[in-house]
Amino acid sequence: PNPSMNFRLILTVILIISLLTGCAVRTNLNPVGRGNLNANLSAGGPIVTAFGTHIPVPYLTGGVNYGLTDKTNLTGNLHLFSLAYKIAGVNLGIATYPVLQDRYIPTIGLQQSVLILSSFKAGVDSRFRAYPVSSVSFAWKHKKITTYNGLDLTTLLSTPEYDNEASRFIMSPFIGFRWEFGSRNRIQIELKWHGANIRSDQ
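Now for a quick tour of the structure.

Definitions and cut-offs
- Residues numbered from 1 in each chain as written.
- Predicted model: local features only at pLDDT ≥ 70, side-chain atom pairs only at ≥ 80, totals over all residues.
- Heavy atoms only, no water.
- Helix = DSSP H or I, 4+ residues; strand = E, 2+ residues; numbered from the N terminus.
- Buried < 20%, exposed > 50% of the residue type's maximum accessible area, 1.4 Å probe, protein only.
- Contact = heavy atoms within 4.5 Å.
- Areas by Shrake-Rupley, 256 points an atom, 1.4 Å probe, with all protein chains shown as cover.
- Pairing = 2+ DSSP bridges.
- Patch = residues over 30% accessible without salt bridge, like charges linked within 9 Å, V, L, I, M, F, W, Y side chains within 5 Å.
- Salt bridge = Lys/Arg side-chain N within 4 Å of Asp/Glu carboxyl O.
- Axes fitted to C-alpha atoms, helices over the stretch in contact; angles between N-to-C directions.

Before going further, it helps to examine the overall build of the chain. When helices and strands are tallied, the chain shows one helix and 11 strands. Helices and strands appear in the chain in the N-to-C order α-β-β-β-β-β-β-β-β-β-β-β. Put simply, the chain has 202 residues, and 37% of those count as buried. Contacts in the chain between residues at least 24 apart in sequence constitute 49% of all its contacts with a sequence separation of at least 6. Surface summary for the chain: the accessible area is close to 12000 Å², and the carbon and sulfur share equals 63%.

To continue, consider the pairing of strand S11 (residues 185-192). Across eight bridges, the pairing between strand S10 (residues 169-181) and S11 is antiparallel. Paired with Phe-174 across the bridge in S11 is Lys-192. Hairpin remark: S10 followed by S11, antiparallel, with three residues in the connecting loop; positive phi at Gly-182, about 75°.

What follows is about a nonpolar patch on the surface. On the surface, Leu-37, Val-64, Tyr-66, Leu-68, Leu-74 and Ile-94 cluster together into a nonpolar patch covering about 490 Å² of accessible area. With three residues, the single largest contributor to the nonpolar patch is strand S4 (residues 59-69). The residue Ile-94 is located in strand S6 (residues 87-99) in this model.

Even without being a glycine, Arg-103 presents a positive backbone phi close to 60°. The topology assignment puts Arg-103 in the loop between S6 and strand S7 (107-119). The phi dihedral of Lys-143 falls on the positive side, at around 60°, and the residue is not glycine. Along the chain, the position of Lys-143 falls in the loop between strand S8 (128-142) and strand S9 (145-155). Look at Lys-143 and you get exposed, because its relative accessible area is 69%.

A few words on the pattern of salt bridges. Scanning all chains against the criterion turns up three salt bridges. A salt bridge links Lys-192 to Asp-152; its shortest N-O distance comes to 2.9 Å. Placement of the pair is Lys-192 in strand S11 and Asp-152 in strand S9, with a sequence separation of 40 residues. Accessibility classification places Lys-192 together with Asp-152 in one group, the buried group. Residues participating in the shared-partner salt-bridge network are Lys-141, Glu-180 and Arg-186.

With that settled, consider the pairing of S6. Sheet topology places strand S5 (residues 72-79) next to S6; eight bridges connect them, and they run antiparallel. Bridge pairing in S6 links Leu-74 to Ile-94. Relative to S7, S6 is paired through 11 bridges, and the arrangement is antiparallel. Paired with Val-90 across the two strands is Ile-116, which belongs to S7.

As a further point, take the sheet that holds S5. Across the sheet, which stays open at both edges, the nine strands sit in the order S1-S4-S5-S6-S7-S8-S9-S10-S11 with antiparallel pairing between neighbours. Across the chains shown, the open sheet's two edge strands, defined by having one partner strand only, are strand S1 (37-44) and S11. Along the sheet, successive strands turn relative to each other by an average axial angle of 20°, direction set aside. Of the strand pairs in this sheet, S8 and S9 are connected by 10 bridges, and their pairing is antiparallel. Pairing of Trp-140 across the sheet is with Thr-147, part of S9.

Right, let's get into the environment of Arg-127. The residue Arg-127 is located in the loop between S7 and S8 in this model. Arg-127 gets classed as partly exposed once you look at its relative accessible area, which sits at 37%. Taking C-alpha positions, Arg-127 is 9.2 Å from Ile-87, a pair spaced 40 residues apart along the chain. Sequence-distant contacts of Arg-127, defined by excluding residues within four places in its chain, comprise Leu-117, Ser-118, Ser-119, Phe-120, Lys-121 and Ala-122.

Below, the structure written as structure tokens:
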């Protein structure tokens, strides 16, 4: 077998799985305020086992959050790196904040979104897929630092061909930190366990 072709296949599968579980960091931690807009850029990606070692796979997304009301954000993210593999991915959603932080009580964010995928590759049977994603986040801010955790739940509308008994849901818990510097800038670091409830050795 050709090692180069095997690596390409492995990388393509990883990118598709990453798209299915929302690879961007959680920027919708709190309402941005009515009429306000903030932009974000996320770099990262999964670490995979291949060729007897662990390889980080780079991934890049860009997006915006817009304050529809004082407690509601509209959000959108474009998956940039996957375009190199002729796969377009977009997340569009809305987040609400029924609870705002009060001392030890966190800001709770509830987000409903849809992940839209489209393939531009030749010889592909299905060029368009859409997956609903439900998310919850809990964020605590102290001075310039926000700590947070939560869960993404992606609904699969069909089962994978390699596993007819696979779960119809992909659960991806996450935890992270956000630092504020200056009046308008923030930097985040986040760890997410993609597909914590499914096998990943196929």
